[in-house]
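Remarks on the overall topology
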Amino acid sequence: MNRKYLVDPITREYLCVALKKGKDWEPNNQKSLPGFMDSRTNLDNPESELVTGEFNDNSFYEKWIRNGTNYILR
């Protein structure tokens with residue numbers, strides 16, 4: 001399944017914000033999104049910009065989780 005994620009590359013926290021069902025994207029975790037955005041601390045640091053991307057489960061695991069991601073929201 002493909003998912004769209006927001007990832008904080010400094011803290012390695014991430015949130016799945018959409019799921020692909022067929023050809024369409026459905027929003028996911030919208031209630032958690034404001035809390036995720038408010039939890040970020042280094043907003044003035046240009047390196048703390050969120051990374052967004054579309055991944056299938058295996059490629060996201062290889063890129064972020066296996067390499068030390070320490071936090072997950074649903």
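Residues numbered from 1 in each chain as written. Predicted model: local features only at pLDDT ≥ 70, side-chain atom pairs only at ≥ 80, totals over all residues. Heavy atoms only, no water.

**Side note on the overall build of the protein**
To be explicit about the condition: Segments assigned H or I by DSSP are reported as helices when at least four residues long, segments assigned E as strands when at least two residues long, and all are numbered from the N terminus. The cut-offs for exposure are 20% and 50% of the maximum accessible area for each residue type, with area from a 1.4 Å probe on protein chains only; residues under the lower value are buried, those over the upper are exposed, and the others partly exposed. To be clear on the numbers: accessible area is Shrake-Rupley with a 1.4 Å probe, and residue cover counts the displayed protein chains and nothing else.
When you go through the protein residue by residue, the secondary structure sums to two helices and five strands. Scanning the protein from its N terminus toward the C terminus, one meets helices and strands in the order β-β-β-α-β-α-β. For the protein, with 74 residues in total, the buried portion stands at 30%. Of the roughly 5100 Å² that the protein leaves accessible, carbon and sulfur atoms contribute 48%.

**What to know about the packing of aromatic side chains**
Worth spelling out the cut-off: Side-chain rings of Phe, Tyr and Trp (the six-membered ring for Trp) are treated as a pair once their centres are within 6.5 Å; stacked means planes under 30 degrees apart, edge-to-face means over 60, and tilted covers the remaining angles. When the NZ atom of lysine or the CZ atom of arginine is within 6 Å of a ring's centre and also within 35 degrees of its normal, the charge is said to sit over that ring.
Under the criterion given, the structure shown has one aromatic pair. One cation-aromatic arrangement involves Lys4 over Trp25; the distance from NZ or CZ to the ring centre is 4.5 Å.

**Here's the deal with the pattern of salt bridges**
This is how it is decided: For this analysis, a salt bridge means a side-chain nitrogen from Lys or Arg found within 4 Å of a carboxyl oxygen belonging to Asp or Glu.
Scanning all chains against the criterion turns up one salt bridge. Between Lys21 and Glu26 there is a salt bridge; the shortest N-O distance is 3.9 Å. Judged by relative accessible area, Lys21 falls into the partly exposed class, the value being 44%.

**Quick look at unusual backbone geometry**
One non-glycine residue with positive phi stands out, namely Asn29, at about 60°. Structurally, Asn29 is set in the loop between strand S3 (24-27) and helix H1 (33-38). The class of Asn29 is buried, set by a relative accessible area of 9%.

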